[in-house]
Amino acid sequence: MDIPIHQYDAVVVGAGLAGLAAAREIKKSGKKVALITKLHPLRSHSGAAQGGINAALAKDDSVELHEFDTVKGSDYLADQDAVEFMCQNAPELVRWFEHMGAVFSRNEDGTIAQRPFGGQSHPRACFAKDRTGLTLLQTMFEQTNRLGVEVFDEWYVADIIYKEGVVAGVCAYDIKTSKPAIFNAKAVMFATGGYGRAFKINSNAHANTGDALSIVARHGLPLEDMEFVQFHPTGLAGSGILMSEAARGEGGKLLNSKGERFMEKYAPEKMELAPRDLVSRSITQEILEGRGVGPNKDAVYLDLTHLGEEKINERLPELRDLALTFLGMDMVKEPIMIAATAHYSMGGIPVTIEGRVQKSPTEIVPGFYAAGECSCVSVHGANRLGANSVLEAPLFGRHTGKTIVEDIDKLELVEVSSEDAKGMIDEMQRLLTNNGTERVAKLREELQASMMENAGVFRTKESLEKQKALIKKYRERYKNIRLDDKSSTYNTDLQEAIELGHIIDYSAFIVEGALAREESRGAHFRNDFPKRDDEKFLKHTYAYMDENGDIRLEYGEVTLGKFEPQARTY
Ligand SMILES: Cc1cc2nc3c(=O)[nH]c(=O)nc-3n(C[C@H](O)[C@H](O)[C@H](O)COP(=O)(O)OP(=O)(O)OC[C@H]3O[C@@H](n4cnc5c(N)ncnc54)[C@H](O)[C@@H]3O)c2cc1C
């Protein structure tokens, strides 16, 4: 079968904040760039970000304090050179957005308003009401449109072409028609977002299925620190839909079934504004000890009633709306029910600060780049602070775009042929014609529920070993999938099946990394190893998968700097 081959200087996969910012830089330089995305750009998960974007703007704040908070928040696993780069450039990035037309909420005196977020020693999150991500995404999208960046939306990237030691392009198909194509380029960048969809209760878009991670891993390239999955403390009970940290930033209180403000016990100083890992564990602990609320006693209360209707409407209109729609509760009149929800992936494709993908802690893959949530640079280490990711994605996206412009004339276009898409096409055919008995939705539900139970907020050797064995079984069952929709027009059955294959693969990385990491650090908590162990584990995990799905672990050094690891109390 002859497949169309499109040639570009660079291909960017993903049109969230990271991908758009990169594509803009490349286009600006006069290079030919294609932006491929399975969703319309404005439906990227970046648009769901509510709370804010950090930058040390205030007179009595400082870049160094931002760096310190980030490193401490990361439980000292972040690479301090990357953190420095991010925090130093944050004020400029916010102004950059402003000059491109993003409208931030303001103080009375006209300066950009900033709200407190967890684990920060100063109110530092700039915001546009509680629709910050949407405002920034819209701005970036307008700017890429204005330059005429070529967008292939509703195109699904299912593979990379990795040969002769370099990445020579991607294999994709048009979701509308299922027609395949090869995008041949000197530079390929992934900006495909997070992997929260491995868990039953999560705050993520349905699209956050970590596709790029599994695509990369299947070529024998490593994934870094995959065991670190952030659980956000406040997801709506039952669904996990996010109630932004802005709710606590604006003064929200957490209460158990006895009406106790239980954070007094766990973080007496910072209370509700302790970092997310700590607050999520506290909530889960209250529930496990029987002080939960709601019909299943599996939630706690988030009380905002004392803020009053005017402030809630001014600062948190979106949250009020979400709680009303999905829970039938009005936060102006009553406390709403929340519980921890899988939210953010600290791990991902290992990259240098410049965005070059690494094939080991010390080597890079020529022509291959990544930025945003799918990458691990690592500025968040073991736990991300709120409002640092909407910062990371466009900042490192833009920087990686500049790196590509710098590299591109030195890179060669490696010749490709239809044969290079054979892997993708065979797998699509197999899924469409397989006459098995397994259903995608059922298998996915089982996987997500078991990940939540065995590899969630609290983990043990037993729970993780159980999950490892389950994933092996899910992998076998996946071979026995049957799809009812055999058509080629908007075949979402097919897409979901491919995505499920991705979820199974990267879930194995989460579990294997967590099993080997016999300590508790940031979002990774082991009941059987409740302490952080710097001697053995102040290091990054690099994990590699073989053809059988078995995973081998290596470790790489953490780049330390001016902040020495200390006990982490709040
Ligand atoms: C509900 C919610 C609220 C949040 N609030 C905040 C906040 O207030 N502050 C903060 O700092 N962070 C927040 N975050 C995190 C932050 O929004 C994200 O980490 C960040 O926006 C990710 O940007 P990105 O560009 O890396 O990816 P995304 O915006 O997720 O974009 C991913 C892109 O990749 C494309 N894609 C994926 N797979 C494929 C494929 N196989 N083929 C083709 N295209 C593909 C998608 O179509 C999409 O365009 C929040 C996250 C959530 C879920």
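Residues numbered from 1 in each chain as written. Predicted model: local features only at pLDDT ≥ 70, side-chain atom pairs only at ≥ 80, totals over all residues. Heavy atoms only, no water.

A. Examining empty space enclosed by the protein more closely. Following the criterion strictly, the structure yields three cavities of 30 Å³ or more and no others. Looking at the largest cavity, its volume works out to about 60 Å³. Considering the residues around the largest cavity, the lining is formed by Val-229, Gln-230, Phe-231, Asp-277, Ser-280, Arg-281, Val-457 and Ala-523. Taken together, the elements giving at least two residues each to the lining of the largest cavity come down to β11 (229-236) and α8 (276-288). (1 Å grid on protein atoms, 1.4 Å probe; cavity = no way out; pocket = protein on both sides within 12 Å on 5 of 7 lines; lining within 4 Å. Points joined across faces, edges and corners; volume = space filled by probe spheres on them. Helix = DSSP H or I, 4+ residues; strand = E, 2+ residues; numbered from the N terminus.)

B. Geometry of the layout of surface pockets. Of the voids in this model, the second largest pocket is the one considered here, and its volume is about 680 Å³. Lining the second largest pocket are 26 residues, with Arg-218, Glu-427, Arg-475, Tyr-478 and Asp-505 positioned closest to its centre. Looking at the lining of the second largest pocket, the elements that each hand over two or more residues are β7 (155-163), α5 (211-217), α12 (422-433), α14 (461-478) and α15 (492-516). Tallying contributions element by element places α12 first for the lining of the second largest pocket, with six residues. Residues of the lining of the second largest pocket, tallied by class, amount to 10 nonpolar, seven polar and nine charged. (Nonpolar A, V, L, I, M, F, W, Y, C, P; charged D, E, K, R; others polar.)

C. Region of interest: the domain arrangement of the protein chain. We note that the domain assignment places domain 1 (232-341) and domain 2 (420-530) within the protein chain. For domain 1 versus domain 2, the separation of C-alpha centres amounts to 30 Å. Facing seven residues of domain 1, the contacting portion of domain 2 comprises six residues. When domain 1 packs against domain 2, close to 490 Å² is buried across both sides, 74% of that on carbon and sulfur atoms. Considering only the surface of domain 1 that becomes buried against domain 2, Asp-277, Arg-281 and Thr-284 emerge as the three largest contributors, covering 71% of it. Our count for the domain 1 to domain 2 interface comes out at one residue pair in polar contact (both at pLDDT 80 or more). Ranked by the residues each element gives to the side of domain 1 that touches domain 2, the list is headed by α8, at six residues. When the residues that make up the side of domain 1 that touches domain 2 are grouped by side-chain class, the tally is two nonpolar, three polar and two charged. (Domains from an automatic or database assignment. Contact = heavy atoms within 4.5 Å. Buried area = accessible area lost by both parts, 1.4 Å probe. Polar contact = N/O pair within 3.5 Å; in protein donor to acceptor, adjacent residues only side chain to side chain.)

D. Up close: the site of the ligand. The full set close to the ligand counts 38 residues, and His-45, Ser-46, Glu-373, Ser-389 and Val-390 are the nearest of them. Here an oxygen atom of the ligand sits 2.5 Å away from a polar atom, N or O, in the side chain of Glu-373. Look at the ligand: alone it shows 1,000 Å² of surface, and the protein chains cover 98% of it. When contributions to the shell around the ligand are tallied by element, the ones reaching two or more residues are α1 (17-28), β2 (33-37), β7, β14 (336-345) and α11 (389-407). Considered class by class, the residues forming the shell around the ligand number 17 nonpolar, 17 polar and four charged. (Near = heavy atom within 4 Å. Areas by Shrake-Rupley, 256 points an atom, 1.4 Å probe, with all protein chains shown as cover.)

E. Highlighting helix α2 (residues 63-73). Every buried residue belonging to α2 is among His-66, Glu-67, Asp-69, Thr-70, Val-71, Lys-72 and Gly-73, and all of these are buried. Check the buried side of α2 and you find it contacts β3 (53-54), α3 (80-99) and α11. Looking one or two residues beyond α2, the residue adopting positive phi is Asp-75, at roughly 55 degrees. (Buried < 20%, exposed > 50% of the residue type's maximum accessible area, 1.4 Å probe, protein only.)

F. Examining the packing of helix α13 (residues 440-454) against α14 more closely. The contact between α13 and α14 brings their axes to 10 Å, and the two run at 170 degrees. Between α13 and α14, the interaxial angle falls into the category roughly antiparallel. Residues Lys-442, Leu-443, Glu-446, Leu-447, Ser-450, Met-451, Glu-453 and Asn-454 of α13 lie in contact with α14, whose contacting residues are Ser-463, Leu-464, Lys-466, Gln-467, Leu-470, Ile-471, Tyr-474, Arg-477 and Tyr-478. (Axes fitted to C-alpha atoms, helices over the stretch in contact; angles between N-to-C directions. Parallel < 35°, antiparallel > 145°, perpendicular 65-115°, else oblique.)

G. Up close: the packing of α13 against α15. At their nearest, the axes of α13 and α15 sit 10 Å apart, and the two run at 20 degrees to each other. When the interaxial angle is binned, α13 and α15 end up roughly parallel. Considering how the two elements wind past one another, α13 and α15 form a crossing that is left-handed. In contact with Val-440, Leu-443, Arg-444, Leu-447 and Met-451 of α13, α15 contributes Glu-496, Ala-497, Leu-500, Ile-503, Ile-504, Ser-507, Ile-510 and Val-511. Across the contact of α13 with α15, the residue classes tally to 10 nonpolar, one polar and two charged. (Left-handed = near helix turned anticlockwise from the far one by under 90°.)

H. Examining the packing of aromatic side chains more closely. Under the criterion given, the structure shown has 14 aromatic pairs. Between Trp-96 and Phe-97, the ring centres sit 5.3 Å apart and the planes meet at 65 degrees, which makes this aromatic pair edge-to-face. Residue classification places Trp-96 among the buried positions, given a relative accessible area of 14%. Ring geometry for Phe-152 versus Trp-155: centroids 5.8 Å apart, planes at 90 degrees, classification edge-to-face. Neither residue differs from the other here; Phe-152 and Trp-155 are each classed as buried. Grouping aromatic residues by their ring pairs yields a cluster made of Tyr-8, Phe-152, Trp-155 and Phe-183. The aromatic ring of Tyr-344 is capped on one face by Arg-384, whose charged end is 4.1 Å from the ring centroid. Across the ring face of Trp-96, the terminal group of Arg-398 is positioned such that the distance to the ring centre comes to 4.6 Å. (Phe/Tyr/Trp six-rings, centres within 6.5 Å; stacked < 30°, edge-to-face > 60°. Lys NZ or Arg CZ within 6 Å of the ring centre and 35° of its normal.)

I. Fine view of the pairing of strand β13 (residues 300-303). Across three bridges, the pairing between strand β12 (residues 253-255) and β13 is antiparallel. Across the sheet, Lys-253 pairs through a bridge with Asp-303, a residue of β13. (Pairing = 2+ DSSP bridges.)

J. Just α12, in detail. Taking 1.5 Å per residue, 12 residues should reach 16 Å; α12 reaches 16 Å between its end C-alpha atoms and fits that length. Where α12 is concerned, the buried positions are Met-424, Ile-425, Met-428, Leu-431 and Leu-432. An end-on view of α12 places all buried positions within 130 degrees of arc, on one side of the element. Check the buried side of α12 and you find it contacts β7, β8 (166-174), β9 (180-190), α14 and α15. (Expected span 1.5 Å × (residues − 1). Arc of directions from axis to C-beta.)

K. Layout of the side chain of Glu-25. Position of Glu-25 relative to the elements: it lies in helix α1. Not counting chain neighbours up to four residues away, the residues in contact with Glu-25 comprise Trp-96, Arg-398, Gly-401, Lys-402 and Val-405.

L. Region of the structure containing the pairing of β14. Within β14, 10 of the 10 residues are buried, which leaves the element mostly enclosed by the surrounding structure. Both β13 and β14 contribute to a ladder of three bridges, which runs antiparallel. Among the inter-strand pairings, Tyr-301 is bridged to a residue of β14, identified as Met-337.

M. Representation of the pattern of salt bridges within the structure. In this structure the tally under the stated criterion is 54 salt bridges. Between Arg-430 and Glu-427 there is a salt bridge, with the nearest N and O atoms lying 3.1 Å from each other. Highlighted residues: Arg-430 and Glu-427, both in helix α12, separated by three residues, approximately one helical turn. With relative accessibility at 27%, the residue Arg-430 sits in the partly exposed group. Among the charged side chains, a network of salt bridges with common partners joins Asp-75, Glu-227, Asp-277, Arg-281, Arg-517, Glu-519, Arg-521, Arg-532, Asp-534 and Arg-568. (Salt bridge = Lys/Arg side-chain N within 4 Å of Asp/Glu carboxyl O.)

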